[in-house]
Amino acid sequence: RENFIHLCNPHLEKMKEDILYHFALGTGTHDFPALFGDVKFVCVGGSPSRMKAFIAYIAEELGLGGPGCDYPNICAGTDRYAMYKVGPVLSVSHGMGIPSISIMLHELIKLLYHAKCSNITIIRIGTSGGIGLEPGSVVITRQSVDATFKPQFEQVILGKTVIRSTNLDEELAKELMQCSKEIGQFNTVIGNTMCTLDFYEGQGRLDGAICLYNEEEKLQYLKKAYDSGVRNIEMESSVFAAMCNLSGVKAAVVCVTLLNRLEGDQISSSHDVLVEYQQRPQKLVGYFIKKSLGKV
């Protein structure tokens, strides 16, 4: 059964041309079905360089490219986001924080709709701060929760507060967990992910330019988060889950933890260790894509 993208915007049908400004793409200048119609998997992450590394990795894994191959940035006409494609896989950067990923997702979802893509799986891969986990652990998100541990995304639209669900696909999370067991290279858990509006005060850090609470208050908050089911903290998952839900897209969030926030606020691992940690979500999602395509 073909599952197409659902657009929650009747106004788009009246437009002669849709310009995806932050991608430097448009329906009047680009043939979306020809360029993107075969896409089945979309992986998004904060850093352009990380998403380029991912497309090179998945290309080699799928036998569609090798060392030294170049993968051009489809969004080279803008410096906002980077986009790469190989076979049925699209890799897109989204910047840092809810506003940045929200803008990208609006245009990405429209791109997939205009390309007439079906049966799409979108996975955010990234880094996070862990709670009660060893650094390097991978968290597959069950629910994205806000800073009060509620599974919701709150946004003010036309002056009114709108609340949207942030549940993620349960079966997809289980499939990814099974893939991690088959890989057997790193600790992986399914847990809730807290999505905050800030890296410092919003996540209870003591090392920002402003901090008007003490260490005991910070630890009480983080332990309360752990007791509610939160296993990691990042800044994009809530709007990601909400928008994918509204668009009828199967979605997951897979993030590696760079530190245990119960033990400190600053990342102290060496550069080489951090590079290896950051490859873990790529390995897990790459294995999932290979398995889905019958190449494992």
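Residues numbered from 1 in each chain as written. Predicted model: local features only at pLDDT ≥ 70, side-chain atom pairs only at ≥ 80, totals over all residues. Heavy atoms only, no water.

Asker: Looking at this model, I keep getting lost on the overall build of the protein chain. Mind explaining?
Answerer: Check the secondary structure of the protein chain and you find seven helices and twelve strands. Over its C-alpha trace the protein chain gives a radius of gyration of 19 Å, about what one expects of a compact globule, namely 19 Å for 296 residues. C-alpha atoms of the protein chain, sized along the principal axes, occupy 55 × 50 × 35 Å. Burial statistics for the protein chain: of 296 residues in total, 49% are counted as buried. In the protein chain, the proportion of contacts linking residues at least 24 apart, taken out of those at least 6 apart, comes to 75%. By element, 52% of the accessible surface of the protein chain is carried by carbon and sulfur atoms, the whole surface being about 14100 Å². The protein chain carries 29 positive and 32 negative side-chain charges, and their two centres are separated by 5 Å. (Helix = DSSP H or I, 4+ residues; strand = E, 2+ residues; numbered from the N terminus. Rg over C-alpha atoms; globule rule 2.2 N^0.38 Å. Buried < 20%, exposed > 50% of the residue type's maximum accessible area, 1.4 Å probe, protein only. Contact = heavy atoms within 4.5 Å. Areas by Shrake-Rupley, 256 points an atom, 1.4 Å probe, with all protein chains shown as cover. Lys, Arg positive; Asp, Glu negative; His and termini not counted. Charge placed at Lys NZ, Arg CZ, Asp CG, Glu CD.)

Asker: What's the story with the pairing of strand E5 (residues 89-93) in this structure? I'm lost.
Answerer: Taken residue by residue, a regular strand's side chains alternate between the two faces of the sheet. Counted residue by residue, E5 has five buried out of five residues, so it is predominantly covered. Burial along E5 is two-sided: Val89, Ser91 and Ser93 and Leu90 and Val92, pointing in opposite directions, are all buried. Pairing of strand E4 (residues 83-86) with E5, which is carried by four bridges, proceeds in the antiparallel orientation. Opposite Val86, over in E5, you have Val89 as the bridge partner. Where E4 folds back on E5, the antiparallel hairpin that results is connected by two residues, among which Gly87 adopts a positive phi of roughly 55°. (Pairing = 2+ DSSP bridges.)

Asker: Help me understand helix H4 (residues 170-183) in this model?
Answerer: Spacing of three or four residues puts side chains on the same side of an α-helix, whose turn is 3.6 residues. Helix length check: H4, at 14 residues, gives a terminal C-alpha distance of 20 Å against a target of 20 Å (1.5 Å per residue), a fit within 8%. Turning to H4, its buried residues are Leu172, Ala173, Leu176, Met177, Cys179, Ser180 and Ile183. Around the axis of H4, the buried residues are gathered within 155° of arc, so they sit on the same side. Turned more than 90 degrees off the buried face of H4, the exposed positions are Glu170 and Lys181. The first or second residue beyond H4 is Gly184, which carries a positive phi of 65°. (Expected span 1.5 Å × (residues − 1). Arc of directions from axis to C-beta.)

Asker: Help me understand the side chain of Glu107 in this model?
Answerer: Looking at the element boundaries, Glu107 is found in helix H3 (residues 98-114). Buried within the structure, Glu107 lacks any salt-bridge partner; Lys110 is the closest side chain of opposite charge, at an N-O distance of 6.2 Å. Excluding residues that lie within four positions of it along the chain, Glu107 makes contacts with Leu20, Tyr21, His22 and Phe23. (Salt bridge = Lys/Arg side-chain N within 4 Å of Asp/Glu carboxyl O.)

Asker: What am I meant to see in the nonpolar core here?
Answerer: Proteins that are soluble and globular tend to have nonpolar side chains buried together. With 41 residues, the main nonpolar core has Phe23, Val42, Leu108, Leu111, Leu112 and Phe240 as its most contacted residues. Listed by contribution, the elements that provide at least two residues to this core are helix H1 (32-36), strand E3 (41-45), E5, H3, helix H6 (237-246) and strand E12 (250-260). If one sorts the elements of this core by residue count, H3 sits on top with eight residues. Contact partners of Val42, with chain neighbours within four places excluded, come to Leu90, Val92, Leu108, Leu112, Ile120, Thr121, Ile122 and Ile123. Counting 36 residues, the second largest nonpolar core, distinct from the first, contains Ile58, Ile125, Cys179 and Leu284. (Core = buried A, V, L, I, M, F, W, Y, C linked by side-chain atoms within 4.5 Å.)

Asker: Is there a simple way to explain the UniProt feature "binding site: substrate" (unreviewed entry) in the protein chain in this structure?
Answerer: Those residues carrying the UniProt feature "binding site: substrate" (unreviewed entry) are Gln203 and Arg205 in this numbering. Those annotated residues lining the second largest pocket are, specifically, Gln203 and Arg205. Structurally, Gln203 is set in the loop between strand E10 (188-195) and helix H5 (215-227). The exposure class of Gln203 is buried, given its relative accessible area of 4%. (UniProt positions renumbered as here; feature names shortened; annotations may be inferred. 1 Å grid on protein atoms, 1.4 Å probe; cavity = no way out; pocket = protein on both sides within 12 Å on 5 of 7 lines; lining within 4 Å.)

Asker: I'm lost on the layout of surface pockets in this one. Help?
Answerer: When its volume is computed, the largest pocket comes out at roughly 410 Å³. For the largest pocket, the lining is made up of 17 residues, of which Cys8, Asn9, His106, Arg164 and Met243 are closest to its centre. Elements supplying a minimum of two residues to the lining of the largest pocket: H3, strand E8 (152-157) and H6. Among the elements that make up the lining of the largest pocket, the one with the highest residue count is H3 (four residues). By residue class, the composition of the lining of the largest pocket is nine nonpolar, six polar and two charged. Around the second largest pocket, the lining comprises 21 residues; the ones closest to its centre are Met96, Thr127, Ser128, Phe199 and Met235. (Points joined across faces, edges and corners; volume = space filled by probe spheres on them. Nonpolar A, V, L, I, M, F, W, Y, C, P; charged D, E, K, R; others polar.)

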